[in-house]
Structure formats: C-alpha cells, structure tokens
Amino acid sequence: MKPDMKVEFAGIELTNPVIAASGTFGYGIEFEEIVSLERIGAFVSKGISLEPMAGHPAPRILQTPAGMLNAIGLQNIGVEEFIEKKLPPLKRYPSCKVIVNVFGYTVSEYKQVVERLNDADGVAAYELNVSCPNVHAGGMAFGSDAGSLEYLVHEVKNVSKRPLVVKLSPNVTSIAAMARVCATAGADAVSLVNTFLAMSIDVETRKPRLTNVTGGLSGPAIKPIALRMVYEAAKAVNIPIVGLGGIVTPEDAVEFMLAGATAVQVGTASYADPRATERLAKGIESWCRSHHVERVASLTGALEVPQK
Ligand SMILES: Cc1cc2nc3c(=O)[nH]c(=O)nc-3n(C[C@H](O)[C@H](O)[C@H](O)COP(=O)(O)O)c2cc1C
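Residues numbered from 1 in each chain as written. Predicted model: local features only at pLDDT ≥ 70, side-chain atom pairs only at ≥ 80, totals over all residues. Heavy atoms only, no water.

Caption draft 1: Spotlight on the packing of aromatic side chains. Counting across every chain of the model gives four aromatic pairs. Relative to Phe82, the ring of Tyr27 has its centre 6.0 Å away and its plane inclined at 45 degrees; by these criteria the two rings are tilted. Of this pair, Tyr27 sits in the loop between strand 3 (18-20) and strand 4 (42-44) while Phe82 sits in helix 1 (residues 79-90), placing them 55 residues apart in sequence. According to the relative accessible area criterion, Tyr27 is buried, its value standing at 6%. Phe82 sits in the buried class, given a relative accessible area of 0%. (Phe/Tyr/Trp six-rings, centres within 6.5 Å; stacked < 30°, edge-to-face > 60°. Helix = DSSP H or I, 4+ residues; strand = E, 2+ residues; numbered from the N terminus. Buried < 20%, exposed > 50% of the residue type's maximum accessible area, 1.4 Å probe, protein only.)

Pasting the structure below:
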C-alpha cells in the first residue's frame, strides 16, 4: 500500500515532508531542469532583503571533512526583483510550496520585506532568518538574544499575512529557551538549525581560508548536534518544528521526525547531489513502505525513550 506522505504545519499542507533549505536551492526556479519540483513538498528561497546585496568576496565556500563551511554573506537580488522575476515562473509547480526566507539589518527592514511580500501571489509562508552567522544583518544579534528575538518575532507577526516560521541559530546556550521565546511571541513554527559558527586556517599562508575569516558549518558533521537540538526544542514548545542539519539519507530524515520534526529541510546534500531533495522524498516513502508506516506524519515525535 502507498503510504500517505502528506504533512501539515502552520496551516500549510505539503505533499511530502521534504523541503529544500534556504541558500542551497537558489530561488527554486533554477532547479526546474534538475529536480522535479512537483515531487518535493516545498522549498525555501535564498534569504531575501529589502535591497539587493552582493555578499562577501571569494573564497566564501570550502569543503571540510563531512561538511562545508560558507560565508556567502546573504547575497541576493532584493525583494522587488524576487517578486517580479523569480516568483511568477514558480506558479508552474503549484504543489511545491514556496517559503520565502527573510532577513534585515533592523526590525523595520524585516517588516518592510514581509509587507512587500504580503502583496505577492504564490508565497505559502515566511521563514525569518535570525541566525546567519556570517553577517550582522539577519544575524545572530537577533537569534542569540532572547529579548531582541521576542521583539522581532512579535513585530513581524503583527504585519505578516502568512504563517511565520522562525529559523533558529544553533549558536546559543539553550535552544529550548529560544524556541519558547518564538512560540510566546507568536511564531507559527520554528525551523532548526542554521549553520554553526566555525573557521578554517591555511597553515602555509597562516591566513584564514575564508575572506570573512569565520563562516557557518553545515552538512553531516553537524547532524547529531542538530538532532539533539530538534529533540530539545520539540519537548519545549507545542508549535511545529521543521528539522534540518546534515540530512543526506532517508534514515537521517526519519531520525529528525522521530525526534519531533513535522517536516525536514535538506541543504548541503544538494551540493553533493543536486537531486538530493527529490531522492529523499522518494526514499522516505520507500522507507515508510518497507517499515509498514501508513502515514509519514505518524513518525513525528514517535521516539521511544527508555525509562531511567
Ligand atoms: C551556501 C549556503 C548558503 C546558505 N544561505 C542561507 C540563507 O540565506 N538563509 C538561511 O536561513 N540559511 C542559509 N543557509 C543555511 C541552510 O539553510 C541550513 O540551515 C544549514 O546549511 C544546515 O543544513 P544542511 O546541513 O542540510 O546544509 C545556507 C547554507 C549554505 C551551505
């Protein structure tokens, strides 16, 4: 029997739990020749700001054992061009939901981007990036301070006409406390994790390998920590959790769902295999079939923790 792959969070229904993660899937439409967009649940756009941004100079990406380090610096075309050029062709794939990742230098900028997007068609939800380790904007200034985070989420929620997902930084002492702050301030869901602040040094030149000196670590290297954080956040709040961090195989995705995630995002895996998202959507379905799971949604939070 074909398993029911639908999941629902924050009032959005996805045909399956696989979402392409922000910054690793362009503006979505560039992937139409590579991935059958109708086969993945959703994708999250690159971070979008009020004005276009050039990002950091190269080198800004490097491979690490079991992962990658990036300091892109939130390069993007800005909200106007995104609405005009990138959103319209995505209407060809109505079943693949579009989640727009939003950031700003100030609370007012975050609000202005969301207000501008409110008038655009074809957007299912917003994901607030409060967790980029590479720039001050959209950055840890908001995501690592509970007071600033609460204010930002509250203010953006007040102007948002769409469900609001807040993407948490892992660079905090208590992920549970930050998830609680978001829930209290009105977030409809939280996604976690963004990248871990990290660096790499070339010992021959004695220089940092990234122009920005530090960057964000992603990929399989971070998976066990991301999974622990999803588990802790899921225990702390009642709003849905979108889990990510190093997911490569269907079993990785199932682990995140058992830990409490309603849906999962796939980022760095798309660099090694540009079809990773579609492969995972198919792979999770096969896993459900071989494990007699009738509804993928039944996996969420189904972890069995032995009693001490
Ligand atoms: C090159 C690159 C660019 C990214 N850009 C963004 C971004 O613009 N906004 C954001 O919220 N996260 C961004 N991320 C973080 C990813 O969406 C994701 O949270 C992180 O990489 C962990 O997942 P993964 O291990 O599956 O890649 C970026 C990651 C990479 C590797």
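Caption draft 2: Seen up close, the site of the ligand. Near the ligand there are 24 residues, and of these Ser22, Lys167, Gly219, Gly246 and Thr268 occur at the shortest range. Within the contact set of the ligand, an oxygen atom lies 2.8 Å away from a side-chain nitrogen or oxygen of Lys167. At a separation of 2.8 Å, an oxygen atom of the ligand approaches a polar backbone atom of Gly219. Residues that form the shell around the ligand fall into these classes: eight nonpolar, 15 polar and one charged. (Near = heavy atom within 4 Å. Polar contact = N/O pair within 3.5 Å; in protein donor to acceptor, adjacent residues only side chain to side chain. Nonpolar A, V, L, I, M, F, W, Y, C, P; charged D, E, K, R; others polar.)

Caption draft 3: Up close: the sheet that holds strand 4. Strand order in the closed barrel formed by eight strands is 3-4-7-8-9-10-15-16, and the pairing between neighbours is parallel. Ignoring which end each strand starts from, the neighbouring axes of this sheet average 25 degrees apart. Contacts from helix 4 (residues 146-159) reach strand 8 (125-129) and strand 9 (164-167) within the one sheet, and its direction differs from that of strand 9 by about 155 degrees. Against the sheet, helix 9 (residues 276-290) touches strand 3 and strand 16 (263-266), its axis set at about 175 degrees to strand 3. (Pairing = 2+ DSSP bridges. Axes fitted to C-alpha atoms, helices over the stretch in contact; angles between N-to-C directions. Contact = heavy atoms within 4.5 Å.)

Caption draft 4: How the structure looks around the side chain of Asn70. Looking at where Asn70 falls in the secondary structure, it is placed in strand 6 (residues 67-70). Within the structure, Asn70 has its side chain in polar contact with the backbone nitrogen of Ile72 (distance 3.2 Å).

Caption draft 5: The arrangement of the pattern of salt bridges in detail. Per the stated rule, a full pass over the model turns up 14 salt bridges. A salt bridge links Lys85 to Glu81, with the nearest nitrogen and oxygen atoms 3.5 Å apart. With a gap of four residues between them, Lys85 and Glu81 both fall in helix 1, about one helical turn apart. Judged by relative accessible area, Lys85 falls into the partly exposed class, the value being 49%. A salt bridge links Lys111 to Glu155; the shortest N-O distance between them is 2.7 Å. One end of the pair, Lys111, is in helix 2 (residues 107-118); the other, Glu155, is in helix 4, and 44 residues separate them in sequence. Among the residues examined, Glu155 registers a relative accessible area of 16% and is labelled buried. Members of the salt-bridge network, linked through shared partners, are Lys2, Glu285 and Arg289. (Salt bridge = Lys/Arg side-chain N within 4 Å of Asp/Glu carboxyl O.)

Caption draft 6: View of the environment of Arg228. Tracing the backbone through its elements, the reader meets Arg228 in helix 6 (residues 223-236). Between the C-alpha atom of Arg228 and that of Phe256, which follows or precedes it by 28 residues, the distance is 9.1 Å.

Caption draft 7: Here's a closer look at the packing of helix 5 (residues 175-185) against helix 6. In the contact formed by helix 5 and helix 6, the axes pass within 8 Å of each other and the chain directions differ by 45 degrees. Classified by the angle between their axes, helix 5 and helix 6 sit oblique to one another. Here helix 5 runs over helix 6; the crossing is right-handed. For the pair formed by helix 5 and helix 6, the contact residues are Ile175, Ala176, Ala179 and Arg180 on the first element and Met229, Glu232, Ala233 and Ala236 on the second. (Parallel < 35°, antiparallel > 145°, perpendicular 65-115°, else oblique. Left-handed = near helix turned anticlockwise from the far one by under 90°.)

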